[in-house]
Amino acid sequence: MSLVLPTYADVVSAAATLKGIAHRTPVVTSATADRATRARLYFKCENLQRMGAFKFRGAFNAISNLTPDERRNGVLTFSSGNHAQAIALAGKLLGVKTTIIMPLDAPAAKKAATQGYGATIVNYDRYTEDRDAIGRRMQQETGMTLIPPYDHLHVIAGQGTAAMELFEDVGELDYLLVCLGGGGLLAGSALAAGALSPSCKVFGVEPEAGNDGQQSLRKGEVVTIAPPRSIADGALTPYLGQLTFGVIRQRVTDILTVTDPQLVATMKFFAERLKLVVEPTGCLGAAAALQGTLAFPEGARVGVILSGGNVDLAAYAGFLTQP
Ligand SMILES: *Cc1c(COP(=O)(O)O)cnc(C)c1O
């Protein structure tokens, strides 16, 4: 089997497609975070991206690359939330009909937002049903084009534009910490780092309960785990993609894990000190830096992608008031 892996050229082309459409999100710093880590941390705020997460980048880039015929037949995808909203919004902007296969237990706020963008939702049970199989069947029955959440060349390339902007804005970095689910954001970020900051060490960070990425990198092949349970609902993927793993194994230094209590502490930090709403999954990379999972040499320049800010308000209030 020969896979065509995305390259940095695909990220550059995605950046041209997204110019003037995706927000160029701000990079923020915190004296408190720098003191605590003795490093210089740069937080790339994709929680402030359109629809509230970096996933808009990959979704818009993927739909933009479809042929006119494919656009007419519509787009299908499966997602626990943010990719769904991203596809729904990108479809709306590009005039393409969208259908989303979603887990029954996806957060209510994400479902409502997805429907608000005009997408059609089909529910499935993520503990008993295989979403890939459902997606393939619906695709065959309807002629829609399936755009998966991460294992897709144009999705990975689009996601890589966030790190590309970060390097353009702050220059070269010693470390880059990236939230990891299926690996689209990590693979794209690693491509950008390879071209714009070649000596930067790139780390993926995933929930401890769902460390399939860490297992995969160490074993040298994609490892599948049972569906994990964590508050990081955007990183509950049981396996990496073939394309994302292909890039990750070549370019990523290591994959780290953090616990749910560490994510809660990190969410509180962003709310209290930086006045930023960051969803649990969006805190993965930051938690590894702020909670001591990874120690840095003094003065190290560290990029951290805050990947999203879509969190159900009632759940968020609960997280913030945990002792
Ligand atoms: C999807 C998502 C991730 C994980 O991205 P992958 O490309 O699947 O690794 C991380 N954070 C947020 C907020 C997400 O929506």
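Computed from a predicted structure; not experimentally measured. (Residues numbered from 1 in each chain as written. Predicted model: local features only at pLDDT ≥ 70, side-chain atom pairs only at ≥ 80, totals over all residues. Heavy atoms only, no water.)

K.L.:
Hey, could you go over helix α12 (residues 260-273) for me, with residue numbers and the actual values?
P.N.:
Given a rise of 1.5 Å per residue, 14 residues ought to cover 20 Å, and the 20 Å separating the end C-alpha atoms of α12 matches this to within 8%. Every buried residue belonging to α12 is among Leu263, Val264, Thr266, Met267, Phe269 and Phe270, and all of these are buried. Buried residues along α12 sit in contact with α2 (31-37), β2 (40-45), β9 (254-258), α13 (284-290), β10 (301-306) and α14 (313-320). Lys275, located one to two residues past α12, shows a positive phi value of around 60 degrees. (Helix = DSSP H or I, 4+ residues; strand = E, 2+ residues; numbered from the N terminus. Expected span 1.5 Å × (residues − 1). Buried < 20%, exposed > 50% of the residue type's maximum accessible area, 1.4 Å probe, protein only. Contact = heavy atoms within 4.5 Å.)

K.L.:
So what about helix α9 (residues 184-196)? Which residues, and what values?
P.N.:
The end-to-end C-alpha distance of α9, which contains 13 residues, comes to 18 Å, matching closely the 18 Å that a straight helix rising 1.5 Å per residue would cover. For α9, the buried fraction is high: 10 of the 13 residues fall into the buried class. Among the residues making up α9, those that are buried are Gly184, Leu185, Leu186, Ala187, Gly188, Ser189, Ala190, Leu191, Ala192 and Ala193. On its buried face, α9 is in contact with α1 (8-18), α8 (153-170), β7 (175-179), β8 (201-207), α11 (242-251) and β10.

K.L.:
Could you give me a rundown of the packing of aromatic side chains, with the residues and numbers involved?
P.N.:
All told, the structure shown has 5 aromatic pairs when counted by the stated rule. Note on Phe56 and Phe60: the rings are 5.6 Å apart at their centroids and 40 degrees apart in plane angle, and the pair reads as tilted. A residue pair is termed a helical-turn pair when its members lie 3 or 4 positions apart in one helix, as Phe56 and Phe60 do in helix α3 (residues 55-64) at 4 residues. By relative accessible area, which is 0% here, Phe56 ends up buried. Aromatic pair Phe269 and Phe270: ring centres 5.3 Å apart, planes at 70 degrees, arrangement edge-to-face. Both residues of the pair, Phe269 and Phe270, count as buried. Within the aromatic cluster, the residues linked to one another by ring pairs are Phe43, Phe269 and Phe270. (Phe/Tyr/Trp six-rings, centres within 6.5 Å; stacked < 30°, edge-to-face > 60°.)

K.L.:
Describe in detail the site of the ligand, supporting the description with residues and values.
P.N.:
Taken together, 16 residues sit near the ligand, with Lys55, Asn82, Gly181, Gly183 and Ser307 positioned nearest. Asn82 is positioned with one of its side-chain polar atoms (N or O) 2.8 Å from an oxygen atom of the ligand. Here an oxygen atom of the ligand and a backbone polar atom of Gly183 are 2.7 Å apart. (Near = heavy atom within 4 Å. Polar contact = N/O pair within 3.5 Å; in protein donor to acceptor, adjacent residues only side chain to side chain.)

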